[in-house]
Structure formats: C-alpha cells, structure tokens
Amino acid sequence: MQLDMLVRNCEMYLSDRTVLMDIGIAQERIVCVGENLDMAAHRIFDAEGRPVFPGGVDAHVHTATQLGGYLTQDTFFESTKAAARGGTTTIIDFCIPEQGQGPDLIEMMDERIAAISRDSVVDVALHAGLSRLDSGDIERQIREAMRRGITSFKMFSAYPGSVMINYGEIFQAMRIIAQQGGVAVIHAEHQDLINMATQGKNLAVASSHRDSRPVVSESVAVSTLLALVEATQCPTYFVHISSQEALAQIHQRKVSGLRVGAETCPHYLTLDGSLYDTMDGALYVCSPPLRDQLERTALWNGVAGGSVDLISSDHCCFGRSQKFRHRDDFRRIANGLPGVETRMPLIYDQGVRTGIISAYQFQQVTATGPAQWLGLYPQKGVLQPGSDADVVIWDPDRSFPTATTTMATDFLPYSHLALRGMPVLVIARGRVVWNDEDFVGRRGQGRFVRRRPVRQQDKSLVKSVGEEVL
Ligand code: URP
Ligand code: ZN
Ligand code: ZN
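Bear in mind the structure is a predicted one, so any value in this text is a computation, not a measurement. One numbering rule holds for all chains: residues counted from 1, following each sequence as written. Chains and ligands are labelled sequentially in the order written, the chains with letters from A and the ligands with numbers from 1. Whole-chain, interface and lining totals are the exception, using all residues; otherwise, since this is a predicted model, local features are given only for residues with pLDDT of at least 70 and side-chain atom pairs are given and counted only at 80 or more. Here the side-chain values reflect all heavy atoms present in the structure, with hydrogen atoms and water set aside.

Q: Where do I start with the pattern of salt bridges in this structure?
A: Side chains carrying opposite charge are able to pair once their charged atoms draw close together. In the sections that follow, a salt bridge refers to a side-chain nitrogen of Lys or Arg positioned within 4 Å of a carboxyl oxygen of Asp or Glu. Counting across every chain of the model gives 32 salt bridges. Note that R447 and E28 form a salt bridge whose closest N and O atoms lie 3.2 Å from each other. In this pair, R447 sits in the loop between β21 (438-439) and α14 (458-462) while E28 sits in the loop between β2 (18-26) and β3 (29-34), placing the two residues 419 residues apart along the sequence. Here the salt bridges share partners, and the residues they tie into one network are E28, R29, D123, K380, D388, D390, R429, R431 and R447. Here a helix means four or more residues in a row that DSSP labels H or I, a strand means two or more in a row labelled E, and each is numbered from the N terminus.

Rendered as structure tokens:
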C-alpha cells in the first residue's frame, strides 16, 4: 500500500507506557500505527523520537462573536490558523445569539457553518447557545441544532440581559437535551450573589471585577445546577471552572455515577488575580475572574488527579483598545482573553515540564478528553487506525514565543512567561499546516464537523486510549 505520508520515530503515550512508533497516513486518515513500518510513502517525516500527540481539541473558542456589545476580532481563518500554530487541529466554537438583537439561533448556525466551510484551516464543530428563548421554543431550537450535527448546548446562569437564562429554563432544556442525546455545557456563576457583591464597588478599578465575582458565586451555582443534572440525568460539563470548591463538588457527583465533567482554562492555572491590581488590570478581565494561588494549586491537583476532564482556551480575541474602552466601569469591560494558540504550549510548559502532569495526561486533557465529551472520539483526540490524521510533532525544548502572536490581537496575557515546548510539525486531516515556523495551510481546507448524538457513541467512550492504539 502506498501511503500519502509516513511519520517515523514518534514517541507516543499510552496510559501505562511510552512507545516508539511509526504512523502511516492515507486519504486524510491514520491507516496504520506500528514499529518500523516498511511502507512506501509520498512524504516521510522523522520525529526523531520526539513526542507526538494527537492534534489538540479546543472545546471552547469564540471566533467572530458578539459578546456583551463587543465583537471578537478574528475570522475563522485567523482563529484556526493560530490554533494550529499551537498544536490544536480541531476547535469547537459557538452560536450564541444575544437577547433582543441580531440573528436567532437557527440563522446563526447556518451563517457560521457557511463561514467555517469557507475560511477554516482546521476542522471546526459548533455548540448551540440556548440564550434566546424569546425567538422560539426550546425544543425546536434543540431539534434544529441536532439536525445540523450540533449536539452540545451552552447555557449561562450569568450575563443578565445578554445571554443569561434562569434555572427553570435550564432545567427544562436539560430534560430535552437528555432525551435527544445531547450534552449540556454550563457557565455557572450565581447572578444574585454577583449583584450583591457588586454593590458599593469602585467602578473605575479592574479589581472590582474580581471582588464582585467571589468563589462562592461559582460554587453555589454549581451546586444548584448539579441538582438539575441529577434530576434530568442530562450529560453535562461545566465550563471554565476556577475554584477548588466547585471542582470538588463536580468530582464528588462524578464519582457517584453522574455524567458530569469539569473544564478549566490555562488562565485559571497560570495567572494570578493580583493582575487586576495593576495599571493594565482591564486586560485580564474574564468571567469567572482569575483567582489566587490556593485555587490554582487545587486546579492543578485536579488536572493531575483526573477531576479536570478538559482544558480549553475560552479564546476571545479582543484587542487592547476593546479591553480598555470601558475601564472606567468594570461592569462594561470586554470579558475574555485570547488563548487558542497558547493553550497547549502553556499546559505543556507549566504542567508537563514542571512534572505536575505526565505527557499522557497532557494529551488526555488537551485532546482525548474534549473529543470524548463532545462526541468526536475516536475520530479526533487519538492516534489510532481509522482516526483523522491529526498529528503533532512536539519539540519539548523549543522556546515558544510569547512576545509575538499569530492570534489577531495586540496583547498576550502570557507575555511575562518564558515557555518551552511547542509543535514543530502540525498535520490536520493528512495535510501539513505548520512546518516549523512556516504556515503552509490553506483557507478552506478545514471542515465543519457534524457530531452524532451521545447515545450512539456511548460504547466508544469506555475504551481507553491504551487499549485502542495498537
Ligand atoms: O470571560 C469570558 N469567559 N468570556 C467569554 C464568554 C464566556 O463566559 O464564556
Ligand atoms: Zn462562560
Ligand atoms: Zn466562553
């Protein structure tokens, strides 16, 4: 058999051991994984014993999205190109209609699927936001999304007047999502507690953003929402978990058999809440806010101990001028940080190189776990025959630039960090996208990925990567 591509001498990570393998690629898929494959190929790359990971899956990206009156300033070309630069070959973006303006969910899904097919460099799937319940009943919105291969549903318990819905609506939606074989994806902050903590705060300092969204606003929301998950049995994961208490509650329910999971983000693992006390504090505004060392340590322990299922970027490509526009009123500052490019290098440097997590755990939280939660596994998130040929050769010693960025922004929240470890070859569905410093990908080669309902791929969820790869 003539291969399109052969990647030799790949150090690959299984749950119980590390192996040295060759990977054969034909027609966009991995067709064989084995020792010293003796096969002809059009192109041969030598990983020289360096780590080789499945292309990363970033399950939380906001490309070209209207959020709280601001538009994130990248296109799907820019976000997917930057994603690939950092080793991510699949992103899961959103359709989140804002209340009372712009397109409704159905229009937005169709517009965004078209933009993805036209502009993307790597594959893109979508979550549907159940944020505009005024524009049609919930059941119809869920059915229309499922019909388009959009099987996960984002709901917000915060951001009133924009995308927030109430707990009764979330409960109703979870019941339908569970019936339809979908997954609920929840932003959990308790708005009543935020309102209370906002009273009397100095509007002109960014530290008020941190202080108005205390840990308890996350943990009370999580505990209420877990009760709804229990009552509906709707598979649910909580996005951007930032605190020990919330993570512990989710983990406890998971251990007792509930299908719940936790996502955290690189910024909650690597940046300190004292950044809000600096002159540039507005740059770091995101919700939930950055926390302290205690919470960060607990989150890292959660990644190492398995209570964090996925690490996503929550990428919001705002620029300085957007972040500073309303620095006189912290409630109006653009929420969110850029990070689709830096996600994997940050977790590798701060997690693997420091010895907190293994390379196997790194691939679990950056690729396999997200693919499993979002119904993309084993098409994505694993290096095994039959999977898409999303393959990343990683140089563990190469410095990752933090002074400049491929993302469409003029600031990087991580510019003070010296990171080591980055991709040197990125292959997305059998095509080289980044070869060292050179972008060799093409607009339009990424595809919109339709996903199946959860019920239909339950069986694949239980197999471990180690069982399947050889
Ligand atoms: O601050 C954040 N996280 N902005 C993006 C919107 C969201 O809540 O995910
Ligand atoms: Zn959120
Ligand atoms: Zn987000």
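Back to the text.
Q: When you look at the layout of surface pockets in this model, what are you seeing that I'm missing?
A: Take a probe with the size of a water molecule and roll it over the atoms, and the empty space left behind shows itself. The definitions used throughout rest on a 1 Å grid laid over the protein atoms alone, on which a cavity is an enclosed set of points accommodating a 1.4 Å probe that cannot get out and a pocket is an open set flanked by protein within 12 Å on both sides along at least five of seven lines; lining residues are those having an atom within 4 Å of a point. Grid points are joined across faces, edges and corners, and a volume is the space filled by probe spheres set on the points. Considering only enclosed or pocket space, the largest pocket measures out at about 660 Å³ in volume. What lines the largest pocket is a set of 36 residues, and nearest its centre among them are G68, Y159, R331, I333 and N335. Contributions of two or more residues to the lining of the largest pocket are made by β12 (152-156), α5 (191-198) and α6 (207-212). The element contributing the most residues to the lining of the largest pocket is α5, with 4 residues. Here the lining of the largest pocket is composed, by residue class, of 13 nonpolar, 16 polar and 7 charged. Side-chain classes are defined by residue name, with Ala, Val, Leu, Ile, Met, Phe, Trp, Tyr, Cys and Pro counting as nonpolar, Asp, Glu, Lys and Arg as charged, and the others, Gly among them, as polar.

Q: Looking at this model, I keep getting lost on the UniProt feature "modified residue: N6-carboxylysine" (unreviewed entry) in the chain. Mind explaining?
A: UniProt feature "modified residue: N6-carboxylysine" (unreviewed entry): in the numbering of this structure it lies at K154. The residue K154 is located in strand β12 in this model. Excluding residues within four positions of it along the chain, K154 makes contact with H60, H62, F94, A128, G129, L130, V185, H187 and V239. UniProt positions are given in the numbering used here, feature names are shortened, and annotations may be inferred rather than shown by experiment. We call two residues contacting when some pair of their heavy atoms lies within 4.5 Å.

Q: I tried to follow empty space enclosed by the protein on my own but got confused; where do I start?
A: For the structure on display, the rule yields 2 cavities of 30 Å³ or more. Space inside the second largest cavity adds up to approximately 30 Å³. Of all elements in the fold, only α9 (266-270) and α12 (343-352) reach the threshold of two or more residues within the lining of the second largest cavity. Along the lines of polarity and charge, the residues of the lining of the second largest cavity split into 5 nonpolar, 4 polar and 1 charged.

Q: What should I look at first to understand the domain arrangement of the chain in this one?
A: Frequently, the measure chosen for interface size is the accessible area that the parts lose on association. Domain start and stop positions are those given by an automatic or database domain assignment. When the domains of the chain are assigned, the result is domain 1 (3-53 + 382-395 + 419-443) and domain 2 (54-373). Just the C-alpha atoms count here: the centres of domain 1 and domain 2 sit 30 Å apart. Each side of the interface is counted separately: domain 1 has 30 residues, and domain 2 has 27 residues. Accessible-area loss on putting two parts together, using a 1.4 Å probe and summing over both, is the definition of buried area adopted here. A buried area of about 2,500 Å², summed over both sides, lies between domain 1 and domain 2, and 64% of it is on carbon and sulfur atoms. When the buried surface of domain 1 facing domain 2 is broken down by residue, F53, L419 and R443 rank first, second and third, together holding 27% of it. There are 3 salt bridges connecting domain 1 and domain 2. The salt bridge involving E437 is made with R85; its shortest N-O contact spans 3.4 Å. Counted as a polar contact is a pair of N or O atoms within 3.5 Å, where, for protein atoms, one must be capable of donating a hydrogen and the other of accepting one, and residues adjacent in sequence contribute only when both atoms are in side chains. At the junction of domain 1 with domain 2, the criterion picks out 8 residue pairs in polar contact (both at pLDDT 80 or more). Sorting the residues of the side of domain 1 that touches domain 2 by element identifies β5 (52-54), β18 (391-400), β19 (419-428) and β20 (431-435) as the ones contributing at least two each. For the side of domain 1 that touches domain 2, the leading source of residues is β19, giving 8 residues.

Q: It is not clear to me how the site of ligand 1 should be interpreted in this structure. Could you clarify?
A: Throughout this document, a residue counts as near a molecule or strand when at least one of its heavy atoms sits within 4 Å of that molecule or strand. In the region of ligand 1, 13 residues are neighbours, and Y159, H187, S287, D314 and N335 sit closest. Contact distances for ligand 1 include 2.7 Å between a nitrogen atom and a side-chain N or O atom of D314. Note that a nitrogen atom of ligand 1 is positioned 3.1 Å from one of the backbone N or O atoms of N335. Here the open area of atoms and residues is found with the Shrake-Rupley method and a 1.4 Å probe, where only the protein chains shown may cover a residue. When the free accessible area of ligand 1 is taken as 260 Å², the share hidden by the protein chains comes to 99%.

Q: Any chance you could explain the sheet that holds strand β4 (residues 41-46) here in plain terms?
A: Within a sheet, neighbouring strands are paired by backbone hydrogen bonds and run either parallel or antiparallel to one another. Taken in spatial order, the 4 strands of this open sheet run β3-β2-β1-β4, and their pairing is mixed. Edge positions in the open sheet fall to β3 and β4, since each of these has one partner strand only. Neighbour-to-neighbour, the strand axes of the sheet open up by a mean angle of 25°, direction not taken into account. Bridge count for strand β1 (residues 3-13) against β2 is 7 bridges, and the pairing is antiparallel. Here the rule is simple: two strands pair whenever DSSP picks up at least two bridges between them. Fitted lines through C-alpha atoms give the axes, limited to the stretch in contact for helices. The angle between two N-to-C directions lies from 0 to 180 degrees.

Q: Explain the nonpolar core here, please?
A: To define a nonpolar core, start from buried Ala, Val, Leu, Ile, Met, Phe, Trp, Tyr and Cys residues and group those joined through side-chain atoms within 4.5 Å. Whether a residue is buried, partly exposed or exposed follows from its accessible area with a 1.4 Å probe, protein chains only, as a fraction of its type maximum: under 20%, in between, or over 50%, in that order. L130, M155 and F238 are the most contacted members of the largest nonpolar core, which totals 104 residues. Top contributing element to this core by residue count: helix α2 (residues 105-119), with 7 residues. If we ignore the near neighbours within four places in the chain, the residues touching F238 are I186, A188, V222, L225, L226, I250, V260, G261, A262 and E263. Core analysis: the next-biggest nonpolar cluster, separate from the first, contains 22 residues, M5, I23, I30 and I427 among them.

Q: What's the story with the coordination of the zinc ion (ligand 3) in this structure? I'm lost.
A: The textbook angles at a metal center are 109.5 degrees for a tetrahedron of four donors and 90 or 180 degrees for an octahedron of six. Each metal site lists N, O and S donors within 2.8 Å (3.2 Å for Na, K and Ca). With water left out of the atoms, a site can look as if it is missing ligands. Taken together, H60 (NE2), H62 (NE2) and D314 (OD) make up the protein donors of the zinc ion (ligand 3), found 2.0 to 2.2 Å from the metal. Irregular is the label for any site that misses the other tests, which are tetrahedral for four donors with all angles between 85 and 135 degrees, and square planar for four donors or octahedral for six when opposite donors exceed 155 degrees and the remaining angles lie between 65 and 115. Given 4 donor atoms and angles of 86 to 125° at the metal, the environment of the zinc ion (ligand 3) is assigned as tetrahedral. Separating the zinc ion (ligand 3) from the zinc ion (ligand 2) is a distance of 4.0 Å. As far as burial versus exposure is concerned, H60 and H62 are alike and both buried.

Q: How should I be thinking about helix α4 (residues 167-180) in this particular structure?
A: Each full turn of the α-helix corresponds to 3.6 residues, which orients residues three or four apart in the same direction. The end-to-end C-alpha distance of α4, which contains 14 residues, comes to 20 Å, matching closely the 20 Å that a straight helix rising 1.5 Å per residue would cover. Residues I170, A173, M174, I176, I177 and Q180 constitute the buried set of α4. Among the residues trailing α4, G181 stands out with phi positive, at a value near 80°. To estimate how far a helix should reach, multiply one less than its number of residues by 1.5 Å.

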